[in-house]
Amino acid sequence: MRDVAVIGVGMNRWGELWEKSHRTIWTEAALEAIDDSGVDHVDAMYVGCMSGGLFMGQEHLGPLLAEQLGMGPIPATRVESACASGGLAFRQAYLAVASGAHDIVLATGLEKMTDVDGGAATYALSTAADQEYECYHGITFPGLYAMMATAHMHRYGTTREELAEVAAKNHAHGSLNPLAQFPMKVTAKQVMESVKVADPLRILDCSPITDGAAAVVVVPLDMAKKMGGPLVRVAASATATDTIALHDREDLCWIGSTARAAEEAYRQAGCGPDGLSFCEVHDCFTIAEVMVIEALGLFDRGQGGKGAASGATALGGRIPINPSGGLKSKGHPVGATGIAQIRETVMQLRGDCGDRQVKNAHRGLTQNMGGTGASSVVHILERA
Amino acid sequence: MIGSARYWREIPQRYRYEASKCTSCGKVFFPPRLVCSKCQGREFAQTVLAKTGTVETFTVIRVAPSGFGDEAPYAVGIVKLDDGVKITAQIVDCEPEELEVGTPVRLEFRRVQQDGESGVLCYGYKFVPRV
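Just so it is clear, the structure is predicted and the values come from calculations on it, not from any experiment. (Residues numbered from 1 in each chain as written. Chains lettered and ligands numbered in written order. Predicted model: local features only at pLDDT ≥ 70, side-chain atom pairs only at ≥ 80, totals over all residues. Heavy atoms only, no water.)

**Here we look at the overall build of chain B**
In step 1: If you tally the helices and strands in chain B, you get two helices and eight strands.
In step 2: Each helix (α) and strand (β) of chain B, taken in turn from the N terminus, gives the series α-α-β-β-β-β-β-β-β-β.
In step 3: Expressed along its principal axes, the backbone C-alpha trace of chain B runs to roughly 45 × 35 × 20 Å.
In step 4: Taken over 131 residues, chain B has a buried fraction of 44%.
In step 5: Long-range contacts, defined as pairs at least 24 residues apart, comprise 50% of the intrachain contacts of chain B with a sequence gap of at least 6.
In step 6: Here chain B has roughly 6,600 Å² of accessible surface; of this, 49% comes from carbon and sulfur atoms.
In step 7: With 18 positive and 16 negative side-chain charges, chain B shows a separation of 9 Å between the mean positions of the two kinds. (Helix = DSSP H or I, 4+ residues; strand = E, 2+ residues; numbered from the N terminus. Buried < 20%, exposed > 50% of the residue type's maximum accessible area, 1.4 Å probe, protein only. Contact = heavy atoms within 4.5 Å. Areas by Shrake-Rupley, 256 points an atom, 1.4 Å probe, with all protein chains shown as cover. Lys, Arg positive; Asp, Glu negative; His and termini not counted. Charge placed at Lys NZ, Arg CZ, Asp CG, Glu CD.)

**So, the packing of helix 1 (residues 22-37) of chain A against helix 3 (residues 61-68) of chain A**
All names here are of chain A.
In step 1: Taken N-terminus to C-terminus, the directions of helix 1 and helix 3 make an angle of 65 degrees; their axes are 10 Å apart at the nearest point. Along this stretch, helix 1 crosses helix 3, giving a crossing that reads as right-handed. Two secondary-structure elements touch here, helix 1 through H22, R23, W26 and T27 and helix 3 through L61, L64, L65 and Q68. (Axes fitted to C-alpha atoms, helices over the stretch in contact; angles between N-to-C directions. Left-handed = near helix turned anticlockwise from the far one by under 90°.)

**Observations concerning the sheet that holds strand 1 (residues 18-22) of chain B**
Residues and elements named next belong to chain B.
In step 1: With antiparallel pairing, the three strands of this open sheet are ordered in space as 2-1-3. Taken across any chain shown, the strands that pair with only one partner, and hence form the sheet edges, are strand 2 (28-29) and strand 3 (44-48).
In step 2: Both strand 1 and strand 3 contribute to a ladder of five bridges, which runs antiparallel. Its bridge partner lying in strand 3, C22 is registered against F44. (Pairing = 2+ DSSP bridges.)

**A short note on the pattern of salt bridges**
Residues and elements named next belong to chain A.
In step 1: Using the criterion set out here, one finds 27 salt bridges over all chains in the structure.
In step 2: Across the pair E28 and K20 runs a salt bridge, and its minimum N-O distance is 3.2 Å.
In step 3: Look at the salt bridges and you will find they share partners, linking D3, R233, R363 and E382 into a network. (Salt bridge = Lys/Arg side-chain N within 4 Å of Asp/Glu carboxyl O.)

**Structural notes on the UniProt feature "domain: ChsH2 C-terminal OB-fold" (unreviewed entry) in chain B**
In step 1: Mapped onto the present numbering, the UniProt feature "domain: ChsH2 C-terminal OB-fold" (unreviewed entry) falls on residues 49-110 of chain B.
In step 2: Note that residues 49-110 of chain B is 0% helix and 50% strand, and that its end C-alpha atoms are spaced 16 Å apart. (UniProt positions renumbered as here; feature names shortened; annotations may be inferred.)

**Focus: the domain arrangement of chain A**
Residue and element names in this part refer to chain A.
In step 1: Along its sequence, chain A is carved into domain 1 (4-117 + 210-227) and domain 2 (130-205 + 236-383).
In step 2: The gap between the C-alpha centroids of domain 1 and domain 2 is 23 Å.
In step 3: Across the boundary between the two partners, domain 1 contributes 40 residues, which contact 33 residues of domain 2.
In step 4: Buried surface at the junction of domain 1 and domain 2, summed over both partners, amounts to about 2,600 Å²; 67% is from carbon and sulfur atoms. (Domains from an automatic or database assignment. Buried area = accessible area lost by both parts, 1.4 Å probe.)

**A look at the environment of K359 of chain A**
In step 1: Note that K359 of chain A resides in the loop between helix 14 (334-350) and strand 10 (363-370).
In step 2: In this structure the C-alpha to C-alpha distance between K359 of chain A and F278 of chain A, which are 81 residues apart in sequence, comes to 9.6 Å.

**Overview of the pairing of strand 1 of chain B**
In step 1: Counting buried residues in strand 1 of chain B gives four out of five residues, a clear majority hidden from the surface.
In step 2: Connecting the antiparallel pair strand 1 of chain B and strand 2 of chain B is a turn made up of five residues, with G26 of chain B showing a positive phi of about 90 degrees.

**Here's the deal with the side chain of S81 of chain A**
In step 1: Tracing the chain through its elements places S81 of chain A in the loop between strand 3 (76-79) and helix 4 (85-98).
In step 2: Apart from residues no more than four positions distant in its own chain, S81 of chain A is found in contact with L88, G370 and S375 of chain A.

**Looking at the pairing of strand 4 (residues 105-112) of chain A**
Residue and element names in this part refer to chain A.
In step 1: The buried fraction of strand 4 is high, at eight of eight residues.
In step 2: Judged by which residues are buried, strand 4 turns out to be covered on both faces: V105, A107, G109 and E111 on one side and L106, T108, L110 and K112 on the other are all buried.
In step 3: As defined by bridge partners, strand 2 (residues 44-48) adjoins strand 4 across five bridges and the pair is classed as parallel. Bridging across to strand 4, A44 finds its partner in V105.

**Observations regarding the packing of aromatic side chains**
Two descriptors summarise a pair of aromatic rings, namely the distance from one centre to the other and the angle between the planes of the rings.
In step 1: For the structure shown, the criterion picks out 10 aromatic pairs over all chains.
In step 2: Here the aromatic rings of Y133 of chain A and F30 of chain B are separated by 5.5 Å at their centres, their planes lie at 80 degrees, and the arrangement is edge-to-face. Remark: F30 of chain B occurs in the loop between strand 2 and strand 3 and Y133 of chain A occurs in the loop between helix 5 (118-126) and helix 6 (141-156); the pair is interchain, linking two chains. Each member of the pair, Y133 of chain A as well as F30 of chain B, is classed as buried.
In step 3: Relative to Y125 of chain B, the ring of Y17 of chain B has its centre 6.1 Å away and its plane inclined at 65 degrees; by these criteria the two rings are edge-to-face. Note that Y17 of chain B is positioned in the loop between helix 2 (11-16) and strand 1 and Y125 of chain B in strand 8 (residues 122-129), a separation of 108 residues in sequence. (Phe/Tyr/Trp six-rings, centres within 6.5 Å; stacked < 30°, edge-to-face > 60°.)

**So, the domain arrangement of chain B**
Accessible area lost on assembly of the parts is the figure often given for the size of an interface.
All names here are of chain B.
In step 1: Examined at the domain level, chain B breaks down into domain 1 (1-48) and domain 2 (50-131).
In step 2: Between domain 1 and domain 2, the C-alpha centre-to-centre distance is 20 Å.
In step 3: The interface is formed by 12 residues belonging to domain 1 together with 17 residues belonging to domain 2.
In step 4: Across the domain 1/domain 2 interface, buried area totals approximately 1,200 Å², and carbon plus sulfur atoms make up 66% of it.
In step 5: Where domain 1 touches domain 2, the interface holds zero salt bridges.
In step 6: At the junction of domain 1 with domain 2, the criterion picks out one residue pair in polar contact (both at pLDDT 80 or more).
In step 7: Of all the secondary-structure elements, those providing two or more residues to the side of domain 1 that touches domain 2 are helix 1 (4-8) and helix 2.
In step 8: Tallied by class, residues from the side of domain 1 that touches domain 2 come to eight nonpolar, three polar and one charged. (Polar contact = N/O pair within 3.5 Å; in protein donor to acceptor, adjacent residues only side chain to side chain. Nonpolar A, V, L, I, M, F, W, Y, C, P; charged D, E, K, R; others polar.)

Here's what the structure looks like:
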């Protein structure tokens, strides 16, 4: 296997982009990544997209988007793993380069979620869960994470305030990100007084519905060295799965797929959690970030709630989590999220993040997950 | 969204709680499947779920999906049945605010969704607190 580097990144402002089609949104991000990398062509591309069909009635995105980019005949593959589609698309691009199958590969993610109304978007997202044995009974995605929150609060004493502090922290980070969908700061009190969605979660515990795309270019590390410029190496790529239905998990308070993927990633990178400068994690709901930082080994089991509440996970803290603002503030166009995490990590390692720059950032981890954690993708990137 | 064939083939589980038990290791699966996730066994005996259990976790749905809009707020929980199987369903005939982790419940046959978009009336199990 060859060493792999990320040499270009692209992303547009995320939000309710009613004036732009998915073709435009995606192509803008792809062109920015290609221009940033300095390559004049790509050999293959991957598109992470959860549900082109349900969100916009459009499948077959590989050829459609390759054509938009003017790269028509190249191999183009759509990758789907619910909200982890982007992370898995990046992993496929990494494997294609590492294996020697291709040299210059474009890894992208896309979701156009606001062409349908809120009910249809909620339904599309719910298809990441078990339709016959979860959704049939009236559970929603916020409801599934709410049940994880109830279990975590009951067993470990995690508090409503601790969850709210995750949202406040990520909005504070997002206020420093010019591409974030919701860059306003919120207080823990505002989170706890916002509209109830599924007890104990409220609307400000939830990531938003977003249109957006992101793209990165990956090449062999040796090629990147010859091209010059800042070197960011992919030190680890790992993925794992768990039961699709939350109720089939042995432990409702533990995201096993993330723990397993992280264990493999740490092995590949030759480091542990204490070797990381920062992480970009999948905070689709506040409780998700609490449970993910435990699964990554950054906090002991049951202690994730202390992360944001103690300041440890804020910029300047022991281990900054989601310097980009996370899904919560930056937005969550589901298929694009995993690629945007890679983009943020590359920019942090290059030292290009301005006011939200993590000091002395030398190694970052990304964690992207689908459903309630039925799939997780973990990458570790480092300055080469 | 629920067509008649898709609804009909789940009736043994939703109406009669039919499950399968791995003949090698004894693990119970609901719904039945072809391979045991614990021992990779492929032979199963038919069994039926236990009708009582306790609430492992729950939520109160305030923003409901289509088919449930008129019912919100309503409680949904994961219940560990007395045979060790965990399943998800609504918890009814109680005030959602009074529910707790550990509340004892029993399975009852009820109408689950008001009306599928194709006109199918959707029945199945819900939990009711045992007093």
